[in-house]
Amino acid sequence: MAQFEKFPQPTEGEKVTLVNGKLQVPDNPIIPFIEGDGTGPDIWRASRRVFDAAVEKAYGGRRKIAWYEVFAGEKAFNTYGEWLPADTLTAIKEYIIAIKGPLTTPVGGGIRSLNVALRQELDLYVCQRPVRYFNGVPSPVKHPELVDMVIFRENSEDIYAGIEWAEGSPEVKKVIQFLREEMGVKKIRFPETSGIGIKPVSKEGTERLVRAAIEYALKQKRKSVTLVHKGNIMKFTEGAFKNWGYELAEREYSDKVFTWQQYDRIKEQHGQRAADDAQKEAEANGKIIIKDVIADAFLQQILTRPKEYDVIATLNLNGDYISDALAAQVGGIGIAPGANINYETGHAVFEATHGTAPKYANLDKVNPGSVILSGVMMLEYMGWQEAADAIVNAMEKTIEQKTVTYDFARLMEGATEVKCSEFASKIIENL
Ligand SMILES: NC(=O)C1=CN([C@@H]2O[C@H](COP(=O)(O)OP(=O)(O)OC[C@H]3O[C@@H](n4cnc5c(N)ncnc54)[C@H](OP(=O)(O)O)[C@@H]3O)[C@@H](O)[C@H]2O)C=CC1
Ligand SMILES: O=C(O)CCC(=O)C(=O)O
Ligand SMILES: [Mg+2]
């Protein structure tokens, strides 16, 4: 049993376990949850009702989640005097699968991101964010239905490692002195007034992320995996990510993928026609095409040619930007789910793409769709597909009936605007 310093033990349920790399989920699994800050509590209350109703409906009482509250953010600070108590990490390590609401991160000072800390502490190296269109959702683009992508965002490295020093600090002076005097760096434009941030990107980190993306593409019979990077500018981090990604694909999946690097080699030796034919043959044989694109070009092409993209593998910061941009394309951040996963240990924390939307806190107003769909991902991960499908169908039906929260209502003709809790109730009615 987990040893908690401050938290009470869970009073009901059984542990999820990992046996020989496979999750074993009992009928009454203990699932830790973090309510979240800002709009988190409103959204969590609404979402939890949907999860419980769907599980009850799908399994007639045979299965039931034993929710176990753990704490992070403001509620943790107010209750335990810490933003991220050790017990929360202990609980997630012990019970393997958890779900959370958004947590606040102050800009330019104060605590570092608790969301990022959770991902790093638990080494949840994949941030998996599927982006698809739900019929009837208002969108700013003409063909939102052409967007059907799954983002694999590297979650443990990059500029998010939090290695940075503030302008004027003794540390930054030391780093700048080292760079100038020992490394021969001459390009810091204003050395006296610079803050410095470091961007670590490793071969191991890249390989496990790209491997997860390719495994997903193979299992789900997707067409391509695109490595999105800014390798033309950041050659040894983003450029290396691209190179390591291609190398891994050709080394570990040689009979299952066709890469654009292979295409280039064939083109060089035998001409463009031969390369085109080789790619067509690979596609006809169901091979996954591994390609790459520079991040800025990608951000315009997801608007102009979304059909060309499928599974996306990218670094941490690119993935953050891409997640919100793609979410907007299919109707906004109100229905953008996600998961942070370590595919080796099985640990997974499910959470929405959006933040705490603080101006709407406690108004029972915002869309709970992102956390509800994050819960759908969680149910799928647990193997409770029937409950997951029931929620997706009921949510589709509710949106088609034009019963929606403010974010959709303001863009839809003839919609009935409902509160966060009412949207959840309508989904439950439609189960
Ligand atoms: N994983 C996490 O926990 C994350 C936490 N954060 C943190 O959240 C805080 C606030 O961040 P901020 O940059 O304002 O981004 P948010 O995602 O919280 O909000 C930005 C805007 O997105 C829209 N929005 C967000 N959530 C919903 C929802 N559920 N339904 C409908 N619309 C929604 C609102 O748009 P509109 O104004 O148009 O109504 C809102 O003003 C920060 O402290 C940030 O660090 C941010 C991202 C992820
Ligand atoms: O941790 C935060 O405050 C922001 C995280 C974020 O934007 C994301 O995970 O997409
Ligand atoms: Mg983000």
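This one's a predicted model, so the numbers in the text were calculated from it and none came from an experiment.

**Here we look at the site of ligand 2**
- Close to ligand 2 lie Thr105, Ser113, Asn115, Arg119, Arg129, Arg153, Asp320 and Thr353.
- Asparagine 115 has a polar side-chain atom sitting 2.8 Å from an oxygen atom of ligand 2.
- Contacts to ligand 2 include arginine 129, whose side-chain N or O atom sits 3.1 Å from an oxygen atom.
- The fraction of the free accessible surface of ligand 2 (290 Å²) that becomes covered by protein chains is 76%.
- Mapping ligand 2 onto the cavity grids shows that it belongs to the second largest pocket.
- Its residues assigned to classes, the shell around ligand 2 comprises no nonpolar, four polar and four charged.

**Examining the UniProt feature "domain: Isopropylmalate dehydrogenase-like" (unreviewed entry) in the protein**
- Mapped onto the present numbering, the UniProt feature "domain: Isopropylmalate dehydrogenase-like" (unreviewed entry) falls at residues 30–427.
- Strand forms 16% of residues 30–427 and helix 46%; the C-alpha atoms that close the span are 24 Å apart.

**Some remarks on the layout of surface pockets**
- Here the largest pocket is characterised by a volume of approximately 1,300 Å³.
- As for the largest pocket, its lining consists of 44 residues, of which Gln128, Tyr216, Gln220, Tyr343 and Glu380 are closest to the centre.
- Listing elements by their share of the lining of the largest pocket, those giving two or more residues are β2 (22–24), β6 (126–132), β7 (148–154), α6 (203–219), α11 (316–329), α12 (369–382) and α13 (385–400).
- Looking at which element gives the most residues to the lining of the largest pocket, the answer is α6, with six residues.
- Within the lining of the largest pocket, the residues separate by chemical class into 24 nonpolar, eight polar and 12 charged.
- Computed from the structure, the second largest pocket encloses a volume of approximately 960 Å³.
- As for the second largest pocket, its lining consists of 35 residues, and the residues nearest its centre are Thr105, Pro106, Ser113, Val116 and Tyr160.
- Within the residue set of the lining of the second largest pocket, elements represented by two or more residues are α4 (114–121), β8 (164–165) and α11.
- When residues of the lining of the second largest pocket are assigned to their parent elements, the largest contribution, five residues, is made by α4.
- Classifying every residue of the lining of the second largest pocket gives 13 nonpolar, 13 polar and nine charged.

**Brief notes about the pattern of salt bridges**
- Considering all chains together, one arrives at 26 salt bridges under this definition.
- As a salt-bridge pair, arginine 251 and glutamate 207 come within 3.1 Å of each other at their nearest N and O atoms. On the criterion of sequence distance, the pair formed by arginine 251 in helix α7 (residues 235–252) and glutamate 207 in helix α6 is long-range, its members being 44 residues apart.
- Glutamate 207 sits in the buried class, given a relative accessible area of 12%.
- Connected via shared salt-bridge partners are Glu207, Arg211, Arg251 and Glu252.

**Comments concerning the packing of helix α10 (residues 295–304) against α11**
- Interhelical geometry of α10 versus α11 gives an angle of 10° and a closest axis separation of 11 Å. As judged from the angle between their axes, α10 and α11 are roughly parallel. Each of Ala295, Phe298, Leu299, Ile302 and Leu303 in α10 lies in contact with α11, whose residues at this interface are Asn318, Ile322, Ala325, Leu326 and Gln329.
- Broken down by class, the residue content of the contact of α10 with α11 amounts to eight nonpolar, two polar and no charged.

**Points about the nonpolar core**
- Core analysis: the biggest nonpolar cluster contains 71 residues, and Trp67, Ile99, Phe298, Met378, Leu379, Met382 and Ile391 have the highest contact counts within it.
- For tryptophan 67, the contacting residues outside a window of four places in its chain are Ile31, Phe33, Trp44, Arg48, Phe51, Asp52, Ile99 and Met378.
- The next biggest cluster of nonpolar side chains, apart from the first, holds 27 residues, and it includes Val150, Val210, Ala217 and Leu315.

**Looking at the site of ligand 1**
- In the vicinity of ligand 1, 24 residues are found, and the nearest of them are Gly355, Ala357, Lys359, Tyr360 and Tyr406.
- One nitrogen or oxygen atom from the main chain of leucine 103 is found 2.9 Å from an oxygen atom belonging to ligand 1.
- At 2.8 Å from an oxygen atom of ligand 1 is found a side-chain nitrogen or oxygen belonging to lysine 359.
- Against a free-state accessible area of 880 Å², the protein chains account for coverage of 70% of ligand 1.
- Where the shell around ligand 1 is concerned, the elements lending two or more residues are α4 and α14 (406–409).
- Its residues placed into classes, the shell around ligand 1 shows nine nonpolar, nine polar and six charged.

**Quick look at the UniProt feature "modified residue: N6-acetyllysine" (unreviewed entry) in the protein**
- The UniProt entry lists Lys142 under the feature "modified residue: N6-acetyllysine" (unreviewed entry), expressed in the numbering used here.
- Tracing the chain through its elements places lysine 142 in the loop between β6 and β7.

**Looking at empty space enclosed by the protein**
- Here the structure, examined in full by the defined rule, presents two cavities of 30 Å³ or more.
- Approximately 40 Å³ is the volume found for the largest cavity.
- For the largest cavity, the full set of lining residues is Ile34, Glu35, Gly36, Asp37, Glu69, Val70, Phe71, Ala72 and Lys75.
- In terms of residue class, the lining of the largest cavity is built from four nonpolar, one polar and four charged.
- Empty space within the second largest cavity amounts to approximately 30 Å³.
- Residue lining of the second largest cavity: Lys100, Asn115, Leu118, Arg119, Leu124, Asn340, Val349 and Glu351, and that is the complete set.
- Contributing elements (two or more residues each) for the lining of the second largest cavity: α4 and β15 (348–351).

Conventions we followed
- Counting of residues starts from 1 at the beginning of each chain's written sequence and follows it residue by residue.
- Chain A is the first chain written and ligand 1 is the first ligand written, with later ones labelled in order.
- Only residues with pLDDT of 70 or above have their local features reported here, since the model is predicted, and side-chain atom pairs are shown and tallied only from 80 upward, although totals for entire chains, interfaces and linings are computed over all residues.
- Hydrogens are left out, water is left out, and the side-chain values use all remaining heavy atoms of the structure.
- For this purpose, a residue is taken to be near a molecule or strand whenever a single non-hydrogen atom of the residue falls within 4 Å of it.
- Definition of a polar contact: a pair of N or O atoms within 3.5 Å, with one able to donate and the other able to accept a hydrogen when the atoms are protein atoms, and with sequence-neighbouring residues admitted only if both atoms are side-chain atoms.
- Each accessible area value is a Shrake-Rupley result obtained with a 1.4 Å probe; residue values ignore everything except the protein chains displayed when judging cover.
- Using protein atoms alone on a 1 Å grid, points that fit a 1.4 Å probe yet trap it form a cavity, whereas open point sets bounded by protein on both sides within 12 Å along at least five of seven lines form a pocket; residues with an atom within 4 Å of a point count as lining.
- For a cavity or pocket, the test is whether more than half of a molecule's atoms lie within 2 Å of its grid points; if they do, the molecule sits there.
- For this scheme, ten residues count as nonpolar: Ala, Val, Leu, Ile, Met, Phe, Trp, Tyr, Cys and Pro. Four count as charged, namely Asp, Glu, Lys and Arg, and the remainder, Gly too, count as polar.
- UniProt positions are given in the numbering used here, feature names are shortened, and annotations may be inferred rather than shown by experiment.
- In this description a helix means any DSSP run of H or I spanning at least four residues, a strand means any run of E spanning at least two, and both kinds are numbered starting from the N terminus.
- Grid points are joined across faces, edges and corners, and a volume is the space filled by probe spheres set on the points.
- Definition used for salt bridges: Asp or Glu carboxyl oxygen within 4 Å of a side-chain nitrogen of Lys or Arg.
- Burial classes: relative accessible area under 20% of the type maximum marks a residue as buried, over 50% as exposed, and values in between as partly exposed (1.4 Å probe, protein chains only).
- Only C-alpha atoms enter the line fits that serve as axes; for helices the fit covers just the stretch in contact. Angles between N-to-C directions range over 0 to 180 degrees.
- Here the word oblique covers every angle except those under 35 degrees (roughly parallel), over 145 (roughly antiparallel) and from 65 to 115 (roughly perpendicular).
- Two residues form a contact once any of their heavy atoms are found within 4.5 Å.
- In this text, buried Ala, Val, Leu, Ile, Met, Phe, Trp, Tyr and Cys residues form a nonpolar core when linked through side-chain atoms within 4.5 Å.

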